[in-house]
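The lines below spell out each chain.
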Amino acid sequence: MTRRRLALLLCALLAPALAACTGDPAATTAAAWHGGTLTIGTGPTNGVFNQVGGGYADIINRHLAGYEALAPPTNGAGDNLQRLAIDDVQVAFTFADTAADAAAGKGLFAGKPVKFKALARIFNGYTHLVVRADSGIKSIKQLKGRRVATGPQNSGSELVAMRLLAAAGIDVKRDITQVSASLSQMAMSMRAGDLDAMFYAAGLPTVGVQALFAQSPGVFTLLPTEELFQDMGRLHPDVYAPGKIPKAMYGLSADVTVVAVPNLIVVAEDMPDDLAYRLTQLIFDFQPELAAVHPEGDNISRDIAALVSPLDLHPGAKRFYGVS
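Rules used in this analysis
- Residues numbered from 1 in each chain as written.
- Predicted model: local features only at pLDDT ≥ 70, side-chain atom pairs only at ≥ 80, totals over all residues.
- Heavy atoms only, no water.
- Helix = DSSP H or I, 4+ residues; strand = E, 2+ residues; numbered from the N terminus.
- Rg over C-alpha atoms; globule rule 2.2 N^0.38 Å.
- Buried < 20%, exposed > 50% of the residue type's maximum accessible area, 1.4 Å probe, protein only.
- Contact = heavy atoms within 4.5 Å.
- Phe/Tyr/Trp six-rings, centres within 6.5 Å; stacked < 30°, edge-to-face > 60°.
- Lys NZ or Arg CZ within 6 Å of the ring centre and 35° of its normal.
- pLDDT = per-residue confidence, 0-100.
- Arc of directions from axis to C-beta.
- Expected span 1.5 Å × (residues − 1).
- Pairing = 2+ DSSP bridges.

Undergrad: Could you give an account of the overall build of the protein, with specific residues and numbers?
TA: Along the backbone of the protein there are 15 helices and ten strands. Computed over the C-alpha atoms, the radius of gyration of the protein is 21 Å, within 12% of the 20 Å expected from 2.2 N^0.38 for a compact globule of 324 residues. Taken over the C-alpha atoms alone, the protein extends approximately 75 × 40 × 35 Å along its principal axes. The buried share among the 324 residues of the protein stands at 52%. Within the protein, counting contacts between residues at least 6 apart in sequence, those at least 24 apart form 74% of the total.

Following this line, the structure appears as structure tokens:
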């Protein structure tokens, strides 16, 4: 057992006595909840969630007394909420569309709604649809008959990809050869010519996509998905928004307009209010540290952080934002 874990265990054991001496019941809650260990569901190792989630864990470890935070890689948004449901993680990075399905018990979570609350809306995930520049594919509708990777299984990327393909009139089982794979596996297959296209939704830049373009200059490009904005809005109201990937991000010849989805940090519903308050506070008190880990950390805005509809904010987060 490490010294830190031993210290956390001692804090948990001694907290009730400390609270009785100090008259501070929050000391009991904060130290005792979940044995002082918080596991954060992030994403694949070369994705934005994993980078920012790792930075968030470091902030918790340095600035939240009595807690140790872990940030292991996962398959991303959907996988994180499945893990949250079984207490494999207590904090999760996710997409608004995936979270809405989980809360309502739809899609991947059909008949098994997950109980959780939001701490903050953070940055957007941008849909990267990568094809070979010489493939002749100019539109998502031209993916029929092609080998298409839709991201890691049960990921937010997969959900966005499936919905975009459906909006484009493409039947995943009939019209394409669909592949589920991690970001690194997709990039490797694209370079080998084993895939015609790959989807990945994440913040900017996404390291795995950046490496693919940098290692094969001029070989790959991104397809716009703006043609599907209206259909996506009709089929899935109040979830998606237009987003722009600047050409300089991946050395492209022009900016690319794509479907974007808000990203969220959510927590177990039974997390104590004081702990949820502190976890929310840490995001903004130490935001420069998140920005140092990944540029998207700088795009977290307190002005919109509380806008997590159709989800509910955790009471501790509500207290931090001063909303009812």
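Still more ground to cover, so stick around.
Undergrad: Which residues make up unusual backbone geometry, and what values go with them?
TA: Cis geometry marks the peptide bond from Leu204 to Pro205, where omega comes out at -10°. Phi angles above zero are rare outside glycine, and Asp87 is one such case at about 65°. Along the chain, Asp87 falls in the loop between helix H4 (77-85) and strand S3 (91-95). For Asp87, a relative accessible area of 42% translates into the label partly exposed. Positive phi values are uncommon outside glycine, yet Asn154 reaches one of about 65°. Residue placement: Asn154 occurs in the loop between strand S5 (147-149) and helix H6 (156-167).

Undergrad: Describe the packing of aromatic side chains, and please don't skip the residues or the numbers.
TA: Evaluation of the coordinates by the stated rule reveals nine aromatic pairs. Relative to Phe95, the ring of Phe49 has its centre 5.6 Å away and its plane inclined at 70°; by these criteria the two rings are edge-to-face. Taken as a pair, Phe49 in helix H3 (residues 48-63) and Phe95 in strand S3 lie far apart in primary sequence, 46 residues in all. Of the two residues, Phe49 and Phe95, neither departs from the other in class, the shared state being buried. The interplanar angle of 70° and the centroid separation of 5.8 Å between the aromatic rings of Tyr277 and Phe320 together place this pair among those described as edge-to-face. Of this pair, Tyr277 sits in helix H12 (residues 273-285) while Phe320 sits in helix H15 (residues 315-321), and the two are 43 residues apart along the sequence. Cluster of aromatic residues (ring-pair linked, three or more members): Phe49, Tyr56, Phe93, Phe95 and Phe123. Directly above the ring of Tyr277 sits Arg319, whose terminal nitrogen or CZ lies 4.3 Å from the centroid.

Undergrad: If you had to explain the environment of Ile304 to someone new, which residues and values would you point to?
TA: With respect to the element layout, Ile304 can be found in helix H14 (residues 302-305). Along the chain, Ile304 and Ala167 lie 137 residues apart, while their C-alpha atoms are 28 Å from each other.

Undergrad: So, the confidence of the model for the protein: which residues are in play, and what are the values?
TA: When pLDDT is averaged along the protein, the result is 91; 90% of the residues meet or exceed 70. A low-confidence stretch, residues 6-30 (pLDDT under 50), is modelled with 21 contacts involving residues beyond four sequence positions or located in other chains.

Undergrad: Describe helix H9 (residues 207-215), listing the residues and the values that go with them.
TA: Structurally, the α-helix is built with 3.6 residues per turn, so residues lying three or four positions apart point the same way. All of the buried residues in H9 are Gly208, Val209, Leu212 and Phe213. One face of H9 carries all of its buried residues, which in axial projection span an arc of 135°. Facing away from the buried side of H9 by over 90 degrees, the exposed positions are Ala214 and Gln215.

Undergrad: Tell me about the environment of Phe93, residues and numbers included.
TA: Tracing the backbone through its elements, the reader meets Phe93 in strand S3. Linking Phe93 and Asp312, residues 219 residues apart in sequence, is a C-alpha distance of 15 Å. Apart from residues lying up to four places away in sequence, Phe93 is in contact with Ile40, Gly41, Thr42, Phe49, Val52, Gly53, Tyr56, Ala77, Asn80, Ile122, Leu264 and Ile265.

Undergrad: Please set out H12 residue by residue, giving values where relevant.
TA: Given a rise of 1.5 Å per residue, 13 residues ought to cover 18 Å, and the 18 Å separating the end C-alpha atoms of H12 matches this to within 8%. If you check which residues of H12 are buried, you get Leu275, Ala276, Leu279, Thr280, Gln281, Leu282, Ile283 and Phe284.

Undergrad: Would you mind going over the pairing of strand S4 (residues 116-132) in detail, with residue names and values included?
TA: Within a regular strand, side chains alternate between the sheet's two faces. With respect to burial, S4 is a largely interior element, 14 of its 17 residues being buried. Pairing geometry for S4 and strand S10 (residues 256-268), over eight bridges, is antiparallel. Of the residues in S10, the one forming a bridge with Tyr126 is Ala260. The pairing of S4 with strand S7 (residues 197-202) spans six bridges and is classified as antiparallel. Within the sheet, the bridge partner assigned to Val130 lies in S7 and is Met198. With three bridges connecting them, S4 and strand S8 (residues 220-222) associate as antiparallel partners. Counted as the bridge partner of Val131 is Thr221 from S8.

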